[in-house]
Each structure stands twice: as structure tokens, then as C-alpha cells.
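# Architecture at a glance
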Amino acid sequence: MHLAKQIDKTLNTVVLTSENHLELLVGNCQSQIPLTNTQEHILMLLREDNVNNSDLAKSLNISQAAVTKAIKSLKGKGMLESVKDSQDGRMTYYQLTDQAKPIAEEHAHHHAKTLQTYHELISLFSEREQLIISRFLEELLNRIEGK
């Protein structure tokens, strides 16, 4: 039963650490501009491509209302510019301002650093142990999702 308690403690720590965030990243934003994790993630996604509210909502798995709120705040801070689609004037896309680009890059760096940390942890285990860990995580996720 010790392992079950360890799993419970670990998952609770992950939940508490990532509460009100869309993700759990290694490191913190060094920007002096206070942004939510959602806002930083939006900037990171826009660094790669010009997307609209619907695209962002799908990518982030959040409501369009939440995206609209984050976009409004980012525009108010001078981080985003709206651009109308030249083919369909009803569509609005967003582009990063020069002020937002370093924050978007930094958030992308945190993603890469987080994945690197996972790779380093995984390398501590044999291939057989990795398969067991993978199977455990799949089963845990299936039960959390009610499958």
C-alpha cells in the first residue's frame, strides 16, 4: 500500500502545482509582465502561426470565452495585434507584437526544458522499466478519464 500512497501524494502535488494552469512546466517566466500560463501559452502558439479564437480554443482545450478573455487582456497589454483575413473579412487572426516575442520564446523554452527533464528521468530506467512505467501511466490515464 506504500506505493499507492506515494502515487496519491505525487498526483496531488502535480494537481496543486498546476492548479489554474493548462500545463506543468519546469521553470518560471522571467518576464516582468504578469501573465497567466494560458496567456503565455497563447503567445507561444501564435509564435508558430497566426490562428483565430477557435483554433486557440481547440489547441488549448478551453472554451472560446476563456480564449477571448485572454486575448482581450493580451491586446490590452500591447502583446497582440488583430489582423483581418484578406480572403474572408469575418475572420480575425492575431499576431505577436515585438514586446510579446521574447515571452513566447521563453515559454517555448520552458516546454523544451520540461521535455528534456522528462527524457533525463526516463533515462534512469531500463527499457523494461520504461515499458512498465508507460503501461502504468496509460492505465492510470484511462481510469482517470473513465475508460
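This structure is a prediction, so every number in the text was calculated from the model and none was measured. (Residues numbered from 1 in each chain as written. Predicted model: local features only at pLDDT ≥ 70, side-chain atom pairs only at ≥ 80, totals over all residues. Heavy atoms only, no water.)

## Quick look at the overall build of the chain
Counting its regular elements, the chain contains 6 helices and 2 strands. Reading the chain from its N end, one meets helices and strands in the order α-α-α-α-β-β-α-α. The burial tally for the chain puts 25% of its 147 residues in the buried class. Looking at the chain alone, contacts between residues at least 24 apart form 54% of all its contacts between residues at least 6 apart. Within the structure as shown, the chain displays about 10500 Å² of accessible surface, and the carbon and sulfur contribution to it stands at 54%. (Helix = DSSP H or I, 4+ residues; strand = E, 2+ residues; numbered from the N terminus. Buried < 20%, exposed > 50% of the residue type's maximum accessible area, 1.4 Å probe, protein only. Contact = heavy atoms within 4.5 Å. Areas by Shrake-Rupley, 256 points an atom, 1.4 Å probe, with all protein chains shown as cover.)

## Overview of helix α3 (residues 53–60)
All of the buried residues in α3 are Asn53, Leu56, Ala57 and Leu60. Each buried residue of α3 lies within a common arc of 100° when the element is viewed along its axis, so the set occupies one face. In this structure, α3 carries Lys58 and Ser59 as exposed residues pointing more than 90 degrees from its buried face. As for α3, its buried residues are in contact with α2 (37–48), α4 (64–76) and β2 (92–96). The backbone nitrogen of Ser54 lies 3.1 Å from a side-chain oxygen of the residue at the head of α3, namely Asn52. One or two residues past the end of α3 sits Asn61, with phi positive at roughly 60°. (Arc of directions from axis to C-beta. Polar contact = N/O pair within 3.5 Å; in protein donor to acceptor, adjacent residues only side chain to side chain.)

## What to know about the layout of surface pockets
For the largest pocket, the calculated volume is near 1100 Å³. Elements represented by at least two residues in the lining of the largest pocket include exactly α1 (2–18), α5 (101–122) and α6 (127–144). Top element by residues in the lining of the largest pocket is α6. It accounts for 10 residues. Grouping the constituent residues of the lining of the largest pocket by class yields 16 nonpolar, 4 polar and 1 charged. (1 Å grid on protein atoms, 1.4 Å probe; cavity = no way out; pocket = protein on both sides within 12 Å on 5 of 7 lines; lining within 4 Å. Points joined across faces, edges and corners; volume = space filled by probe spheres on them. Nonpolar A, V, L, I, M, F, W, Y, C, P; charged D, E, K, R; others polar.)

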